[in-house]
Structure formats: C-alpha cells, structure tokens
Amino acid sequence: DMQTKVDLIETLRTVSAGKLMVELERARLTKTLAKIREDEGKEEDACSILQEVQVETIGSMELKEKAEFLLEQIRLCIQTNKWVRASIVAKKVNTEKLKESGFGELQWKFYNLMIKYYSHENAFFDTCKCYHSLFKIKQEQKEVKAYQEALKSAVVYLCLSPYDAEMSDMIHRFKMTVKELNKLPMA
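This text gives an overview of the structure that appears in the document. A quick note: this is a predicted structure, and the numbers were derived from the prediction, not measured.

What to know about the overall build of the protein chain
Scanning the protein chain for helices and strands turns up 11 helices and 0 strands. Listing each helix as α and each strand as β along the protein chain from the N terminus yields α-α-α-α-α-α-α-α-α-α-α. In terms of overall dimensions, the protein chain has a C-alpha envelope of 60 × 30 × 30 Å along the principal axes. Every one of the 187 residues in the protein chain was classed for burial, and the buried ones make up 42%. Within the protein chain, contacts between residues separated by at least 24 positions form 55% of all contacts whose residues are at least 6 apart in sequence. Accessible area of the protein chain: about 10,900 Å², with a carbon and sulfur share of 55%. With 30 positive and 29 negative side-chain charges, the protein chain shows a spacing of 4 Å between the two charge centroids.

Printed below as a string of structure tokens:
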C-alpha cells in the first residue's frame, strides 16, 4: 500500500530531523518521497520536499550521490519553472569534480540541464559554453554524431552571443577545432 509507505517515510523523516548521525538516511528518504510525489503528478510538492535537504552539508554522502541529488534538485526546479532556485542550486555543483572519471553521465546531465536554464534566460554565450563542454565530452568518448551535434549547436549560440573578450576567446578555441568544424554539414 503506497499510503502506508508514504506515512512510514514521513514518520522516519520527522524522527530523524536534526540528527547528524542519520542525515544521510534522511536525505535518501526525502529523495524517495519526492520521487513518489512526482510519480503522483505533484511536481511542486516533490520540488519543495527535495529543496528541504542541504545536501552539500552532509559529510557522509559520497560525491557522486551528492551530485546526483543536486542534479535532481535542478531538474525539478526547471520542471516547475523555479528558475532562480535552479540557478542557486546549479552554483553548488562542482564542475571540476564532474570532470573526474566516473562522472561522465552526470556531467552530460548537468550541461543539458544548464542548457535548458540558459535557454530560458536567453543567455546565448552561456548556452554556447555548455554545448562546447558537451562537445569535448563526446569527442573524448568518440561519439561522432553526438559531438558534431553539440559542436553545431555551440557555433549557432556563439553567433547569437554579443561580442566581448570572452566571446573572442571562445572563437579562438573553435579555431583549434577547425578539422571538426569542416566535418559539419552546412545545412
């Protein structure tokens, strides 16, 4: 019975609130409850429930699990149009840690979420940088079709960006990938 399960999770979360020794388990229960609420179609509730957890303060949680938790928070914020909250949570993600081995799928997911966010904000240059990061990831993984699509999108968003010193730097980075640019179809 789903209602019994939800009641049990709520009770365990209430009992474990503020207890450092079980903060990891409470975070996992919270994620489970948020998933249940989302499956019920209550995305606003799921987002609010998941935002209760400050995952970056949980010392016993593995880095990968923290990253997954933060990405889930970002995804729900974007899905419920809480754009400011999505931005705040995204700043908590350590992109340097995502570049380590074993985080490839999370890195891919993060940049795709950020593309949605920056597209909503009409931040063309930031969208370009995300696509450029996806291009580098897929190029390393030798996924030709995927990295060509990412490169094509990066070029389009670079063209839409206002010109400044950072854009000039990005243009020079693209010049280093001339061979890859020449492989792209013109249409």
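From this point, the narrative continues.
Digging into helix H3 (residues 43-51)
Among all positions of H3, only Ala46, Cys47, Ile49, Leu50 and Gln51 are buried. In this structure, the buried side of H3 is in contact with helix H1 (2-16), helix H2 (23-39), helix H4 (63-79) and helix H5 (83-90).

Points about the pattern of salt bridges
Per the stated rule, a full pass over the model turns up 16 salt bridges. Sharing partners across several salt bridges, the network here consists of Glu10, Arg13 and Glu52.

Topic: the packing of aromatic side chains
Scanning all chains against the criterion turns up 6 aromatic pairs. Note on Phe110 and Tyr111: the rings are 5.3 Å apart at their centroids and 65° apart in plane angle, and the pair reads as edge-to-face. The exposure classification of Phe110 matches that of Tyr111, with both residues buried. Through a chain of ring-to-ring contacts, the aromatic side chains of Trp83, Tyr117 and Tyr118 assemble into a single cluster.

Quick look at the nonpolar core
Grouped together as the largest cluster of nonpolar side chains are 53 residues, with contacts concentrated most on Ile74, Ile78, Leu98, Phe110, Leu134, Leu158 and Phe174. The element that contributes the greatest number of residues to this core is H4, accounting for 8 residues. For Phe174, the residues in contact, after removing those within four places along its chain, are Cys128, His132, Leu151, Ala154, Val155, Leu158 and Leu181.

Looking at the packing of H3 against H4
At a minimum axis distance of 9 Å, the contact between H3 and H4 shows a crossing angle of 145°. In the packing of H3 onto H4, the handedness of the crossing is left-handed. Residue-level contacts link Glu43, Ala46, Cys47, Leu50 and Gln51 of H3 to Phe69, Glu72, Gln73, Leu76, Cys77 and Gln79 of H4. When the residues that make up the contact of H3 with H4 are grouped by side-chain class, the tally is 6 nonpolar, 3 polar and 2 charged.

Focus: the environment of Ile36
Summarising the element assignment, Ile36 is placed in helix H2. Note: C-alpha distance between Ile36 and Met2 (34 residues apart in sequence) is 8.8 Å. Excluding residues that lie within four positions of it along the chain, Ile36 makes contacts with Met2, Lys5, Val6 and Ile9.

Re the packing of helix H9 (residues 144-160) against helix H10 (residues 165-175)
Where H9 contacts H10, the two axes come as close as 11 Å, and the packing angle between them is 150°. As the angle between them shows, H9 and H10 are arranged roughly antiparallel. For the pair H9 and H10, the crossing hand works out as left-handed. Note on element contacts: H10 touches H9 through Met167, Met170, Ile171 and Phe174, opposite Leu151, Ala154, Val155 and Leu158. Looking at the contact of H9 with H10, its residues break down into 8 nonpolar, no polar and no charged.

Conventions and cut-offs
Residues numbered from 1 in each chain as written. Predicted model: local features only at pLDDT ≥ 70, side-chain atom pairs only at ≥ 80, totals over all residues. Heavy atoms only, no water. Helix = DSSP H or I, 4+ residues; strand = E, 2+ residues; numbered from the N terminus. Buried < 20%, exposed > 50% of the residue type's maximum accessible area, 1.4 Å probe, protein only. Contact = heavy atoms within 4.5 Å. Areas by Shrake-Rupley, 256 points an atom, 1.4 Å probe, with all protein chains shown as cover. Lys, Arg positive; Asp, Glu negative; His and termini not counted. Charge placed at Lys NZ, Arg CZ, Asp CG, Glu CD. Salt bridge = Lys/Arg side-chain N within 4 Å of Asp/Glu carboxyl O. Phe/Tyr/Trp six-rings, centres within 6.5 Å; stacked < 30°, edge-to-face > 60°. Core = buried A, V, L, I, M, F, W, Y, C linked by side-chain atoms within 4.5 Å. Axes fitted to C-alpha atoms, helices over the stretch in contact; angles between N-to-C directions. Left-handed = near helix turned anticlockwise from the far one by under 90°. Nonpolar A, V, L, I, M, F, W, Y, C, P; charged D, E, K, R; others polar. Parallel < 35°, antiparallel > 145°, perpendicular 65-115°, else oblique.

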